[in-house]
Amino acid sequence: PPPRLPLFLCFLSLILLFVLHSSEAAAGSPAFLSDRRLPLPQVSTFAAAKAKGGTVPLAAEPTERSQGLGKYRPLSIAPGKRTVLAVDLLEGGDAYVPFCDGWDLQGRIHAAQIGRAGARDAAARREEEPGRAAADQWYDDGIPGGAEATGCDAVIFLQHAPVYTLGTGSDEKYVLDAAGAAGGGPEVVRTDRGGEVTYHGPGQLTVYPLLDLRGYELDMHWYVRALEECVLRALDAAGVDGAGREDGVTGVWVNGRKVAAVGVKCRRWCTAHGMAVNVDRRSLDNFGGIVPCGLEGREVGCVEDLVERSVSLHEFAGYMRNAIEEVFRLVLVEGGTPERTSVNRRGKEKRLGQNK
């Protein structure tokens, strides 16, 4: 018979390898930042949801701010040296973009980002373009095609038509009003971002930064904290007092109420999805149909209830643009090809325009 000791040692080695692999995975990005699609039942498939809305053609730095899931640290990069495409779909705050149209636009830019990153890495390995690898995700005179180049960093600003969205691992039990959604209420869509269920709709500013983090900070915890930092600075500019983080959870909170949510995706260090800020009271209308972010017993709030003056969505978007430029040390510029920026938009009572 074969000796038992070698077999036992082999079995023990396999167990040790499994334990080490599990511990390394646990030490990396938490579940809410996972880029993995889990085999969960679809509440609403992307293809079916997309068919309903049509197709989409192509300042002084603060001290470090701590939080239980990481820490924000200012970037050690000179400000104003890089330009990033700003895709503004707000139209003054009157346009509502169906969620899956915005998601499709994100997907097109994100896919181009990943393709560009792979080509760049291959060129850097062959040393064909020395010195180029750290900067070619930005729009400048050194990039062929200039501002018309595809696959470079971009930030999308928009306002969604009413929708409930779930992350890859979201629990459907937090959707309390699925029947209402079927009866004409907000649609329910499972996405490829991290985080639990949330609501998007009129009165809420949604921002999708599509960034290659190799040009900023290779740390997903830092990135989420940086998005929160953008919201904190924008709220301060709008006159909101007392905004901050809470240990153990993401987002921005004021007086115990969540004003902004963060949920992201990252693949090959290229980000998608982002943050949503409740600006006026319309943004709170449909939160009663869900347990926001799966946090039972917690309330949501909006900017309008926290300031003594009227702050429009368009005005707050300006504060967010300034904050993003400060935090990520970049300059947002308008531009891009029509194929990258055109989506379907819905007005308050009618469709404002459609691209086929």
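Our structure is the block above this text.
Procedures and definitions
- Residues numbered from 1 in each chain as written.
- Predicted model: local features only at pLDDT ≥ 70, side-chain atom pairs only at ≥ 80, totals over all residues.
- Heavy atoms only, no water.
- Salt bridge = Lys/Arg side-chain N within 4 Å of Asp/Glu carboxyl O.
- Helix = DSSP H or I, 4+ residues; strand = E, 2+ residues; numbered from the N terminus.
- Buried < 20%, exposed > 50% of the residue type's maximum accessible area, 1.4 Å probe, protein only.
- Polar contact = N/O pair within 3.5 Å; in protein donor to acceptor, adjacent residues only side chain to side chain.
- Contact = heavy atoms within 4.5 Å.
- Phe/Tyr/Trp six-rings, centres within 6.5 Å; stacked < 30°, edge-to-face > 60°.
- Pairing = 2+ DSSP bridges.

### Notes on the pattern of salt bridges
Okay, step 1: Following the criterion strictly, the structure yields 18 salt bridges and no others.
Okay, step 2: In this structure, the salt-bridge partner of Lys265 is Asp192, at a minimum N-O distance of 2.8 Å. In this pair, Lys265 sits in strand S11 (residues 257-267) while Asp192 sits in the loop between strand S6 (187-190) and strand S7 (198-200), placing the two residues 73 residues apart along the sequence. Like Lys265, the residue Asp192 is buried in the burial classification.
Okay, step 3: A single network of salt bridges, built from pairs that share partners, joins Arg225, Glu228, Glu229, Arg233, Arg245 and Glu326.

### Focus: the side chain of Glu228
Okay, step 1: Inspection of the secondary structure assignment puts Glu228 in helix H5 (residues 220-238).
Okay, step 2: According to the relative accessible area criterion, Glu228 is buried, its value standing at 0%.
Okay, step 3: In terms of polar contacts, Glu228 uses its side chain to reach the side chain of Arg245, at 2.7 Å.
Okay, step 4: Not counting chain neighbours up to four residues away, the residues in contact with Glu228 comprise Arg245, Thr250, Gly251, Val252 and Val262.

### What about the packing of aromatic side chains?
Aromatic ring pairs are defined here through the distance separating the ring centres and the angle between the ring planes.
Okay, step 1: Per the counting criterion, the structure on display carries eight aromatic pairs.
Okay, step 2: Both rings, one in Tyr216 and one in Phe328, keep their centres 5.7 Å apart while their planes meet at 90°; by these two values the pair is edge-to-face. Taken together, the residues span a long stretch of sequence, with Tyr216 in the loop between strand S8 (204-210) and H5 and Phe328 in helix H6 (residues 313-328) at a distance of 112 residues. Taken as a pair, Tyr216 and Phe328 share a single burial class, namely buried.
Okay, step 3: Put simply, the rings of Tyr72, Tyr216, Trp222, Tyr223 and Phe328 pair up and form one aromatic cluster.

### Some words on the pairing of strand S12 (residues 270-278)
Moving residue by residue along a regular strand, the side chains alternate between the two faces of the sheet.
Okay, step 1: Here S12 lies mainly inside the structure; nine of its nine residues are buried.
Okay, step 2: Note: S11 against S12, eight bridges, orientation antiparallel. Opposite Gly263, over in S12, you have Gly274 as the bridge partner.
Okay, step 3: Linking two consecutive strands that pair antiparallel, namely S11 and S12, is a turn of two residues; a positive phi of about 55° is found at Arg268 within it.

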